[in-house]
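# Notes for the structure review
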Amino acid sequence: MINNRKKEHATYSKPSRSDIMRSVATSTAVETGQPSASVEASLEAARKKFAHLRLA
């Protein structure tokens, strides 16, 4: 028996910068044992400090 139903495409939404930042901070906090809020704050401070630099 042949299945003639069309495949449904799953939609994908790009994660925001804050979602990625929160994910990285949480992962780092779990690995280092630090509170995730402090890791997130230090990542944000570093991002602001080096905002003028671009990756090649």
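Before any of the text, the structure's been laid out above.
Residues numbered from 1 in each chain as written. Predicted model: local features only at pLDDT ≥ 70, side-chain atom pairs only at ≥ 80, totals over all residues. Heavy atoms only, no water.

Along the chain, Ser36 falls in helix α2 (residues 36-49). Taking the relative accessible area as the measure of exposure, Ser36 reaches 33% and is therefore partly exposed. Along the primary structure Ser36 and Val24 are separated by 12 residues, whereas in three dimensions their C-alpha atoms are 9.3 Å apart. (Helix = DSSP H or I, 4+ residues; strand = E, 2+ residues; numbered from the N terminus. Buried < 20%, exposed > 50% of the residue type's maximum accessible area, 1.4 Å probe, protein only.)

Using the criterion set out here, one finds 2 salt bridges in the structure. For Asp19, the salt bridge identified is with Arg22, shortest N-O distance 3.3 Å. Linking Asp19 with Arg22, this pair stays in helix α1 (residues 17-32), spanning 3 residues, or about one helical turn. Asp19 sits in the partly exposed class, given a relative accessible area of 39%. Arg22 gets classed as partly exposed once you look at its relative accessible area, which sits at 42%. The closest approach of N and O atoms between Glu44 and Arg47, which form a salt bridge, is 3.0 Å. Here Glu44 pairs with Arg47, and both are found in helix α2, just 3 residues apart, close to one helical turn. (Salt bridge = Lys/Arg side-chain N within 4 Å of Asp/Glu carboxyl O.)

Moving on, we come to the packing of α1 against α2. The description of two helices packed together rests on the angle between their axes and the distance between the axes. Between α1 and α2, the shortest axis-to-axis distance is 8 Å and the interhelical angle comes to 125°. Our classification of the angle between α1 and α2 gives oblique. For the pair α1 and α2, the crossing hand works out as right-handed. Facing Arg17, Met21, Arg22, Val24, Ala25, Thr26, Thr28 and Ala29 of α1, the residues of α2 in contact are Ser36, Val39, Glu40, Leu43, Glu44 and Arg47. Residues that form the contact of α1 with α2 fall into these classes: 6 nonpolar, 3 polar and 5 charged. (Axes fitted to C-alpha atoms, helices over the stretch in contact; angles between N-to-C directions. Parallel < 35°, antiparallel > 145°, perpendicular 65-115°, else oblique. Left-handed = near helix turned anticlockwise from the far one by under 90°. Contact = heavy atoms within 4.5 Å. Nonpolar A, V, L, I, M, F, W, Y, C, P; charged D, E, K, R; others polar.)

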